[in-house]
Amino acid sequence: MAGLYIHIPFCLSRCSYCSFYSTIDTKLKNQYVDALCKELALRKDYLFLPQAGDNNEVRDTSLTTIYFGGGTPSCLTKEEFEQIFSAINLHFNDNLKEITIECNPDDITPDYVKTLKHYANRVSLGIQSFNDNQLNIINRRHSANEAINAVKLLQREGVSNISVDLIFGFPNETLEDWKNDINQALSLNVQHISAYSLMYEEGTKLYYLLEKGKIKPINEELSLRMFDTLVDELVANGYEHYEISNFAKQGFRSVHNSNYWRAIPYLGIGASAHSYDKTSRQWNIANIQQYIEAINRGEVPCEKEILDKDTQYNDLITTALRTKEGICINDLSPLYTDYLMKNSDAFLKNGTMEKTADNYIKLTRKGLYISDNIMAELVKV
């Protein structure tokens, strides 16, 4: 069981908050797609080579999820998707449960929906807001109406697994503004909603505006009220709050992302893409030209980190603890169980964490508000 992530770094415009590796220069797109297919061939065995501790067991060689992220994967044409999937089918067995393609709302046309339905069974729309003023702040190229129409078009054409991304905490945003966004998302009756607090990442235009004093972030109290409102409204309307920022109707959790949080191995293809095989992490160079040149030489341009036991434990803290279930204590060695329980004691006593009858330890609703602080106390340094 494994996942495949494919990074499409091309965008027609640059969002002011985005810190992911991307470019608005699309002249290398055809060469890049060729390189993706070559990398799939070069790394077809990455996920399935025996690892320390496998005891010569035969590893499952099937892909269960594929995720196209970006950038803007919906800039790919039907022919480019066909080229990539031909390479996937050539080099991998599949037992696919989920294929997700991230899309911009303004790319959703009747013809393009046919392409999406042919290659994917899940569409993730980067809506971010249903407020045109807020969309302008972050330089999104769609309007609120286009976002609504995109969802409705997907639904009319029979796409039955739609996720939408939302952001809260815009400069000058009010709680009422945020409630309107939540209500609009609920009215569309999508299967999955992801919602994130606006971040001011260094190197982004939004960060520059913040540093120059041209915009001002909302205060922490309002941000917490927005998160509270989000959880209350979505849970009341039948969404499961299964990860800090993610909500799903029954049976519609993101399988691919859930596997990240459960430490399921995955292969990342493309410039800046990350991979994980349980004992190491590696990440490709974040430069399209250099990536293409290296792949054409038969080389994978990446760096690699071997994960020691402490790092693997720390990864568990910062991923599994984000989920509704939390961390299974039975999966830890006695050394790490003792460390986790000792450092969790104060949080268990103050009600920000709890231990369940089936031997999981997890954050409570109260603990979600200070999750970063809790995780910082639980990791090994």
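As the structure is a computational prediction, the values presented were derived from the model and not from experiment. (Residues numbered from 1 in each chain as written. Predicted model: local features only at pLDDT ≥ 70, side-chain atom pairs only at ≥ 80, totals over all residues. Heavy atoms only, no water.)

Attention shifts here to the packing of helix 11 (residues 309-319) against helix 12 (residues 334-350). Each packed pair of helices is defined by two parameters, the angle between the axes and the distance between the axes. Look at helix 11 against helix 12: their axes get within 12 Å of each other, and the N-to-C directions meet at 45°. Relative to helix 12, the element helix 11 is oriented oblique. Here helix 11 runs over helix 12; the crossing is right-handed. On helix 12, the residues that touch Lys309, Asp310, Tyr313 and Ile317 of helix 11 are Tyr336, Tyr339 and Leu340. (Axes fitted to C-alpha atoms, helices over the stretch in contact; angles between N-to-C directions. Helix = DSSP H or I, 4+ residues; strand = E, 2+ residues; numbered from the N terminus. Parallel < 35°, antiparallel > 145°, perpendicular 65-115°, else oblique. Left-handed = near helix turned anticlockwise from the far one by under 90°. Contact = heavy atoms within 4.5 Å.)

To continue, consider the pairing of strand 2 (residues 62-70). In terms of burial, strand 2 is largely enclosed, as nine of its nine residues are buried. Both strand 1 (residues 2-8) and strand 2 contribute to a ladder of seven bridges, which runs parallel. If you follow Gly3 over to strand 2, its bridge partner there is Thr65. Relative to strand 3 (residues 93-103), strand 2 runs parallel, the two sharing six bridges. Bridge assignment links Ser62 to a residue of strand 3, and that residue is Asn93. (Buried < 20%, exposed > 50% of the residue type's maximum accessible area, 1.4 Å probe, protein only. Pairing = 2+ DSSP bridges.)

Here the focus is the layout of surface pockets. The calculated volume of the second largest pocket comes to roughly 210 Å³. Considering the residues around the second largest pocket, the lining is formed by 16 residues, among which His241, Lys324, Leu363, Arg365 and Leu368 are closest to the centre. Only helix 8 (220-236), strand 7 (240-243), strand 15 (360-363) and helix 13 (365-368) provide two or more residues apiece to the lining of the second largest pocket. Broken down by element, the residue count for the lining of the second largest pocket peaks at three residues, all from strand 7. Here the residues of the lining of the second largest pocket are counted per class, giving seven nonpolar, three polar and six charged. (1 Å grid on protein atoms, 1.4 Å probe; cavity = no way out; pocket = protein on both sides within 12 Å on 5 of 7 lines; lining within 4 Å. Points joined across faces, edges and corners; volume = space filled by probe spheres on them. Nonpolar A, V, L, I, M, F, W, Y, C, P; charged D, E, K, R; others polar.)

Core analysis: the biggest nonpolar cluster contains 94 residues, and Phe68, Ile88 and Leu125 have the highest contact counts within it. Broken down by element, this core gets its largest block of residues, seven residues, from helix 5 (residues 144-156). In this view, Phe68 contacts Ile6, Ile8, Pro73, Leu76, Phe81, Ile84, Phe85, Thr100, Ile101 and Glu102; residues no more than four positions away in its chain are not counted. Grouped together as the second largest cluster of nonpolar side chains are 11 residues, Cys15, Cys18, Ile167 and Ile215 included. (Core = buried A, V, L, I, M, F, W, Y, C linked by side-chain atoms within 4.5 Å.)

In this section: helix 12. With 17 residues, helix 12 should reach 24 Å at 1.5 Å per residue; the first-to-last C-alpha distance of 24 Å fits that figure. For helix 12, the principal kink sits at Ser344 and spans about 45°. Along helix 12, the residues that are buried comprise Tyr336, Thr337, Leu340, Ser344 and Phe347. The elements touched by buried residues of helix 12 are helix 11, strand 13 (327-328), strand 14 (353-355), strand 15 and helix 14 (371-378). Positive backbone phi, at 85°, marks Gly351, one or two positions downstream of helix 12. (Expected span 1.5 Å × (residues − 1). Bend = angle between axes of the 7 residues up to and from the residue.)

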